[in-house]
Amino acid sequence: MSSSSSSPSFSPNEKKHWWLTNRKIVDKYVKDARNLIATQEQSEIATALNLLDAALALSPRFEQALELKARSLLYLRRFKDVAAMLQDYIPSLKMTYDDSGSENSSQSLSRERVKLLSSSSDSDGESSSFKCFSVSDLKKKVMAGLCKNCEKEGQWRYSVLAQACCHLGLMEDAMALLQTGKRLASAAFRRESICLSEDSFSLSNFPISGDISTPNNRPSSPPQPLSESDNVSQLLSQIKLLLRRRTAAIAALDAGLYSEAIRHFSKIVDGRRGAPQGFLAECYMHRASAFKSAGRIAESIADCNRTLSLDPSCIQALDTRASLLESIRCLPDCLHDFEHLKLLYNTILRDRKLPGPAWKRHNVRYREIPGKLCALTTKIQGLKQRVASGETGNVDYYALIGLRRGCSRSELERAHLLLCLKHKPDKAINFIDRCEISDDTDLDSIRDRAKMSSLLLYRLLQKGYSSIMSTIMDEEKQRKMAAATLQAAAIQIQHQNHEAKSETESKSQVSNNNHRINSAETTSNSSVFQGVFCRDLAAVGSILSQVGFNRPMPVKYEALSC
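Throughout this document, residue positions are counted from 1 along each chain, in the order its sequence is written. Local features in a predicted model are, by the rule used here, given only for residues with pLDDT of at least 70; side-chain atom pairs are given and counted only at 80 or more, and totals for whole chains, interfaces and linings are based on all residues. By convention in this description, side-chain values take in all heavy atoms of the structure and omit both hydrogens and water.

Participant: Provide a residue-level description of the nonpolar core, including the pertinent values.
Facilitator: To qualify as a nonpolar core, a set must consist of buried Ala, Val, Leu, Ile, Met, Phe, Trp, Tyr and Cys residues joined through side-chain atoms within 4.5 Å. The classification of residues rests on relative accessible area computed with a 1.4 Å probe and restricted to protein chains. Under 20% of the type maximum is buried, over 50% is exposed, and intermediate values are partly exposed. Core analysis: the largest hydrophobic core is formed by 72 residues, its most contacted members being Ile239, Phe279, Leu280 and Leu310. Helix and strand assignments follow DSSP, with helices taken as H or I runs no shorter than four residues and strands as E runs no shorter than two, numbered in order from the N terminus. The element contributing the most residues to this core is helix α13 (residues 228-254), with nine residues. Whether two residues are in contact is decided by their heavy atoms, any of which lying within 4.5 Å being enough. Setting aside residues no more than four positions away along its own chain, Ile239 makes contact with Cys166, Met171, Ala174, Met175 and Leu178. One finds Ile369, Leu376, Cys407 and Leu419 within the second-largest nonpolar core, a separate group that totals 49 residues.

Okay, here's the thing in structure tokens:
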């Protein structure tokens, strides 16, 4: 008896009383949290979260506390916390393999995959044996795991997690969860002999983020303008529309129709209805690739800036912007981006995982990072040598603005005006208004990053405008000088030709006058001489008739000379 009294163990009645005490405490926490949540005030809901955390500390698998916590987080727009809480139910996370290479992550994922496998061999008492692995079977088991024990766990997970995935940019997961929830709800209603179609069903357990109360003990609330099924249907239709546009844009990009791809992506990012932050970052990155392929470097850099503003750890955006800056020989900014990318690679190798949460998507795999880091280190060394040799001032501003060499002043002014209207720092942050930020605390940092990157691009465009304008002015000055020289030479040649012509004309006029004078004198002299000769001849004849031939004859030279 003494040994039994000194033992620290509890009696069965004491254990039952202890369990009942914890259950009462949990129920009290949940009841108080539900009353606070019914007020629909953020401060009260934040207090309710603390009560629900305390309740889950005592009973980690209490379904009502889990549902209230998830809906409270969704109401407070803490979508990342909802995804972290329910990440085991995200379809893409179960269908993809984590290539981080870390032992811990691989072991945890292996444990998750073990849960998806059938345990019939253990129940039958048979020894485990090797079986062929099939990806299709794994996908079927994953989807079966989503629907497993849906009545026991509750269908609220599909609605809450689908909304969180939609706001985080996981559109395919959100669509799969919403469609699965609709099928489950329709099946449940058919089991209750309620004949409704797929498009007009009613979801009693599918409240949107504004409705966070449970079906049981639901507090009185003002009537919603739309029913829950209408809200779910609208969300699903919006997701399908965005996915169709993105699919069409990516297909056009793969086919080489860059203008068509740019048009489709612009419909998404410039639409009247906002889109989630992660989805917009992905669309901006694809449109930057389309702009790059089309040769519009300034627009491509601007989209890379927007992508990095929304997602600072986007490896593809950093690599694309650095390659664009290298193509126009803007080596200092290019070197800065490559250094940032190298730091990101080193961080990934140090943490043994890709940046961000487990559900975040990346365009690279962990096993590719070491090779990329070696190639990047070599490229950085080459760029540093080029900078040291003095290649920093030879920027190709024509390619940046999108002009041909030898363009006119009007072409430059038009292109510069269009780029300034698009990428002016005051207007460069307007895209944030069309973006649904997943975490409101990141809004200021997103604005700061967008404004800083747009300011750097704007300064680069201004430098390009000044450089090209000075080149055009020099060319115009040289053309004017050459034209003035040619004009002066032409005037001088014309003056010389005029003088030569006038001199020739004067000479010809003088010669004509002399010719006319000579001809007139010749005519008059011939007539005079003819008259004098005839008169003298008559005188000579009379003299010869009077005297003989041998007699000297006086001659008057005056008469002959006349």
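Following the structure, the description resumes.
Participant: I'd love a proper account of helix α3 (residues 42-58), names of residues and values included.
Facilitator: In this model, α3 (17 residues) spans 25 Å end to end at C-alpha, consistent with the 24 Å of a helix rising 1.5 Å per residue. Within the sequence span of α3, burial applies to Ile45, Ala48, Leu49, Leu52, Ala55 and Leu56. An end-on view of α3 places all buried positions within 125° of arc, on one side of the element. Away from its buried face, by an angle of more than 90 degrees, α3 presents the exposed residues Asn50 and Ala57. Each residue after the first adds 1.5 Å to the expected span of a helix. Summarising the geometry, the arc corresponds to the directions from the helix axis toward the C-beta atoms.

Participant: If you had to explain the environment of Tyr397 to someone new, which residues and values would you point to?
Facilitator: Of note, Tyr397 is situated in helix α20 (residues 397-401). Look at Tyr397 and you get buried, because its relative accessible area is 13%. Along the backbone, Tyr397 and Gln462 are 65 residues apart, and their C-alpha atoms lie at a distance of 9.9 Å. Discounting residues that sit within four places of it in the chain, Tyr397 has contacts with Leu460, Lys463, Gly464, Ser467 and Ile468.

Participant: Outline the state of the cysteines, listing residues and values.
Facilitator: The disulfide criterion is simple: two cysteine sulfur atoms within 2.5 Å. A complete count under the given rule lists zero disulfides for this structure. Left unpaired, Cys314 is separated from the closest cysteine sulfur, that of Cys304, by 8.3 Å.

Participant: Describe the packing of helix α15 (residues 277-294) against helix α16 (residues 297-310), and please don't skip the residues or the numbers.
Facilitator: With their axes 8 Å apart at the nearest point, α15 and α16 run at an angle of 160° to one another. Here α16 runs roughly antiparallel to α15, going by the angle between their axes. Judged by the sense of rotation from one axis to the other, the crossing of α15 with α16 is left-handed. Residues Gln277, Leu280, Ala281, Tyr284, Met285, Arg287, Ala288, Phe291 and Lys292 of α15 lie in contact with α16, whose contacting residues are Glu299, Ser300, Asp303, Cys304, Arg306, Thr307 and Leu310. Each residue gets one label: Ala, Val, Leu, Ile, Met, Phe, Trp, Tyr, Cys and Pro are nonpolar, Asp, Glu, Lys and Arg are charged, and the others, such as Gly, are polar. Residue composition of the contact of α15 with α16, grouped by class: eight nonpolar, three polar and five charged. Only the stretch in contact is used when a helix axis is fitted, and all axes are lines through C-alpha atoms; the angle between N-to-C directions ranges over 0 to 180 degrees. Orientation categories follow fixed angle ranges, with anything under 35 degrees roughly parallel, anything over 145 roughly antiparallel, 65 to 115 roughly perpendicular, and all other angles oblique. For any pair of crossing helices, the crossing counts as left-handed if the nearer helix is rotated counterclockwise from the farther one by less than a right angle, and right-handed if it is rotated clockwise.

Participant: Run through the packing of aromatic side chains, naming residues and quoting values.
Facilitator: The aromatic pairing rule takes the rings of Phe, Tyr and Trp, using the six-membered ring of Trp, and pairs them if the centres are within 6.5 Å, calling planes under 30 degrees apart stacked, those over 60 edge-to-face and the rest tilted. Under the criterion given, the structure shown has one aromatic pair. Ring centres of Tyr284 and Phe431 lie 5.7 Å apart, and the angle between their planes is 85°; on these two criteria the pair is classed as edge-to-face. Residue Tyr284 is found in helix α15, and its partner Phe431 is found in the loop between α21 (409-423) and β2 (435-436); the two are separated by 147 residues along the sequence. As far as the burial class goes, Tyr284 and Phe431 line up, both buried.

None of this, on its own, says anything about what the molecule does.
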